[in-house]
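Structural characterization, general
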Amino acid sequence: MQMMKDRMEGVPACTFPVVEAPYPVISNDWVNGEYKLLVVEAEAAGLAARAGQFFHLACPPEGENDNFLRRPMSIHRIDRERGQLHFLYKVQGNGTRALATLQPGDTLDALGPVGQGFSLPAATQHVLMVGRGVGLATLAPLAQMAIAQGAKVTAVLSARSQALVMGRQVLEEAGASVHVVTDDNSDSDVVSLEGFIRRLHAASPVDFMATCGSNRLLMLLQKLSEEFGAAGQVALEQRMGCALGMCIACVRAFRKEPGAEALTYRRVCWEGPVFDMRETVAW
Ligand SMILES: Cc1cc2nc3c(=O)[nH]c(=O)nc-3n(C[C@H](O)[C@H](O)[C@H](O)COP(=O)(O)OP(=O)(O)OC[C@H]3O[C@@H](n4cnc5c(N)ncnc54)[C@H](O)[C@@H]3O)c2cc1C
Ligand code: FES
């Protein structure tokens, strides 16, 4: 533990306000057989969230499960005009099943916004984002941010089937070009995706890549970003306890600097969840 503490000396302190607040639930509807979209009303502190940050959500107690630990959830959409935050989540275990019971008029206890989000170099021209499954929830606000910065965005949405493709509307409304690949259609494998990305880059050079939710996509983008000389970031998911940088439950090994063999340790909740792709060790 001392060794880990020594290695983490000098990591950035909190540069964002983290607030625990009650968020009134506006809606919580199924978008397909596995995912729900939770929309809550938010005050200024919540709406100050940036692309790639997340909230730590208290899930209501259910039967014998008190759901003591909060569950980390990315912000899928920050709608500052309407004063709303959207969370797109997969209903899978006790916590998310309890979240799925929230009704309009209920209150969601949320802690956030937490973590370091995406940062785009100012001169970025063409952002490629590739997300699989719920990884798309995390990438959507990056499209809003990149387009506001004047960049063009191509989003590749990968899913098991067309019925599980999500986030298309949000991305298209933000102004992204959307390309859908599915396992059903046999075009979501790494070889097909690599071919698509190479053709895209030849037609309109990509200078920033982002991904979330899949190790094989991360490895593909790590390879291509190096070859193309493009910058890249990845949003990681890791089991969390406090999400406040204190419990060390979410520590992972990273390269000390891009491409280096030497490793260091970082907290996904605090130094991340968004990291430089070249420093991230694939799993
Ligand atoms: C920064 C961050 C952002 C996330 N954003 C989203 C999001 O936008 N939408 C979404 O659906 N999910 C997201 N997740 C994953 C989400 O937190 C987990 O799915 C959730 O905690 C599962 O809770 P549960 O009680 O339903 O499931 P559990 O019963 O705890 O576990 C069910 C399954 O989910 C896996 N799981 C549990 N916790 C995590 C976790 N922290 N990360 C990855 N897998 C986990 C378990 O290994 C198990 O396979 C995010 C995770 C992190 C760390
Ligand atoms: S979850 Fe506690 S330090 Fe990251």
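Once a new chain begins, its residue numbering starts again from 1 and follows that chain's sequence as written. By the order in which they are written, chains take letters starting at A while ligands take numbers starting at 1. In view of the model being predicted, local features appear only for residues whose pLDDT reaches at least 70, and side-chain atom pairs are presented and counted only at 80 or more, with totals across whole chains, interfaces and linings using the full set of residues. Note that water and hydrogens are dropped before the side-chain values are worked out from all heavy atoms of the structure.

**What to know about the side chain of S74**
Working definition: helices are DSSP H or I runs of at least four residues, strands are E runs of at least two. Numbering for both runs from the N terminus. Inspection of the secondary structure assignment puts S74 in strand β4 (residues 71-74). Side-chain atoms alone can form a polar contact between residues adjacent in sequence; in general such a contact is a pair of N or O atoms within 3.5 Å, and within protein one must be able to donate a hydrogen while the other accepts it. Of note is the side chain of S74, whose polar atom sits 2.8 Å from the side chain of T138. In what follows, a contact means two residues having at least one pair of non-hydrogen atoms within 4.5 Å. In contact with S74, not counting residues within four places along its chain, are Q53, F54, H86, F87 and T138.

**Brief notes about the domain arrangement of the chain**
Domain boundaries shown here were taken from an automatic or database domain assignment. Splitting the chain by domain gives domain 1 (19-114) and domain 2 (126-279). Here domain 1 and domain 2 have C-alpha centroids that lie 22 Å from each other. Facing 20 residues of domain 1, the contacting portion of domain 2 comprises 26 residues. Regarding the contact of domain 1 and domain 2, the summed buried area is about 1,900 Å², with carbon and sulfur atoms giving 64% of it. In short, buried area is how much 1.4 Å probe accessible area vanishes from two parts on joining, totalled over both. Among the residues of domain 1 in contact with domain 2, A51, H76 and R77 are the three that bury the most area, contributing 26% of the side total. Note on definitions: salt bridges are taken to be side-chain nitrogens of Lys or Arg within 4 Å of carboxyl oxygens of Asp or Glu. Between domain 1 and domain 2 we count 2 salt bridges in total. Here R77 ties to E173 by a salt bridge, and the two come within 2.9 Å at their closest N and O atoms. The interface formed by domain 1 and domain 2 holds 4 residue pairs in polar contact (both at pLDDT 80 or more) in total. Counting only elements with at least two residues in the side of domain 1 that touches domain 2, the list comes to β3 (54-57), β4, β5 (77-79), β6 (84-90) and β7 (107-114). The element best represented in the side of domain 1 that touches domain 2 is β6, accounting for 3 residues.

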